[in-house]
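Understanding the architecture of this molecule
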Amino acid sequence: MKEASLTAHLRPALVLLGALTLLTGFAYPLLFTAFAQAVFPGQANGSLILVDGRVRGSRLIGQAFTDPRHFWGRLSATSPVPYNAASSSGSNLAPTNPALVEAAQARIDALRAADPANAAPIPVDLVTASGSGLDPDVSPAAAEYQVARVARARGEDESLVRRLVAENTEGRQLGVLGEPRVHILSLNLALDALP
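Described below are features of the structure shown in this document.

Definitions and limits used
- Residues numbered from 1 in each chain as written.
- Predicted model: local features only at pLDDT ≥ 70, side-chain atom pairs only at ≥ 80, totals over all residues.
- Heavy atoms only, no water.
- Helix = DSSP H or I, 4+ residues; strand = E, 2+ residues; numbered from the N terminus.
- Buried < 20%, exposed > 50% of the residue type's maximum accessible area, 1.4 Å probe, protein only.
- Core = buried A, V, L, I, M, F, W, Y, C linked by side-chain atoms within 4.5 Å.
- Contact = heavy atoms within 4.5 Å.
- Pairing = 2+ DSSP bridges.
- Axes fitted to C-alpha atoms, helices over the stretch in contact; angles between N-to-C directions.
- Parallel < 35°, antiparallel > 145°, perpendicular 65-115°, else oblique.
- Left-handed = near helix turned anticlockwise from the far one by under 90°.
- Nonpolar A, V, L, I, M, F, W, Y, C, P; charged D, E, K, R; others polar.

A few words now on unusual backbone geometry. With the exception of glycine, the majority of residues adopt a negative phi angle, and the majority of peptide bonds are in the trans configuration. Even without a glycine there, the phi angle at Asp-52 is positive, about 55°. Considering the arrangement of structural elements, one finds Asp-52 in the loop between β1 (48-51) and β2 (54-58). Classification of Asp-52 by relative accessible area gives exposed; the value is 78%. In this structure, Tyr-83 is a non-glycine residue whose phi angle is positive, near 60°. Counting through the fold element by element, Tyr-83 comes out in the loop between β2 and α3 (98-114).

Formed by 25 residues in total, the largest nonpolar core has its most connected members in Phe-71, Leu-111, Leu-126, Val-138, Val-161 and Val-165. Mapped onto this core, the elements with two or more residues apiece are α3, α4 (140-154), α5 (158-167) and α6 (184-192). Leaving out residues up to four positions away in the same chain, Val-161 has contacts with Phe-71, Val-147, Val-150, Ala-151, Glu-156 and Leu-191.

So, about the pairing of β1. Bridge count for β1 against β2 is 4 bridges, and the pairing is antiparallel. Pairing of Val-51 across the sheet is with Arg-54, part of β2. Where β1 hands over to β2, the hairpin turn is made up of 2 residues, of which Asp-52 adopts a positive phi near 55°.

It is worth spelling out the packing of α4 against α5 at this point. It is at 9 Å that the axes of α4 and α5 come closest, and there the two elements cross at 140°. Judged by the inter-axis angle, α4 sits oblique to α5. As α4 runs across α5, the sense of the crossing is right-handed. Packed against α4, whose contacting residues are Ala-143, Glu-144, Val-147, Ala-148, Val-150 and Ala-151, the element α5 presents Glu-158, Val-161, Arg-162 and Val-165 at the interface. Considering only residue class, the contact of α4 with α5 consists of 7 nonpolar, no polar and 3 charged.

Bear in mind that shape data such as this cannot, by itself, settle questions of function.
Okay, structure coming up:
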């Protein structure tokens, strides 16, 4: 009698487990993957930026630029490799942590060394990482801070470089959400496309 009772309870549980596994583990993800590919193919594939058929990056993930001819983005907090989307995280260092102060000072020193004539205050987003450690944007002030260095390194007029910054500056979403921002990869690709 006990075996029949156990089987009577076990069989529906296993059938339900199998049905829910098929539904939530296979059917649901396949349905929404197909929907996303049909309705939002660019976003579903990572918001990739293509140049001449080659992937140059994503609109969502920053890249490490160190060449003085390019604009530099925010620091990355991911490790062991910078801008590693598989390990997105902030540094979680407190403002009083010596490691945070050292990282900021190292970036300040690099910015000053790259443009010793620039005595302007360095915008904070050039010396700190974002919450995700992957931010692809900087503030317009951070881009403006770098205009003279980039123009000089490229032998271009500052007004041309400023125009490219303005063209790659995105406003607030819906006119009220967030802050204006400059997408660094798009800006650097526009610079590289100059004749």
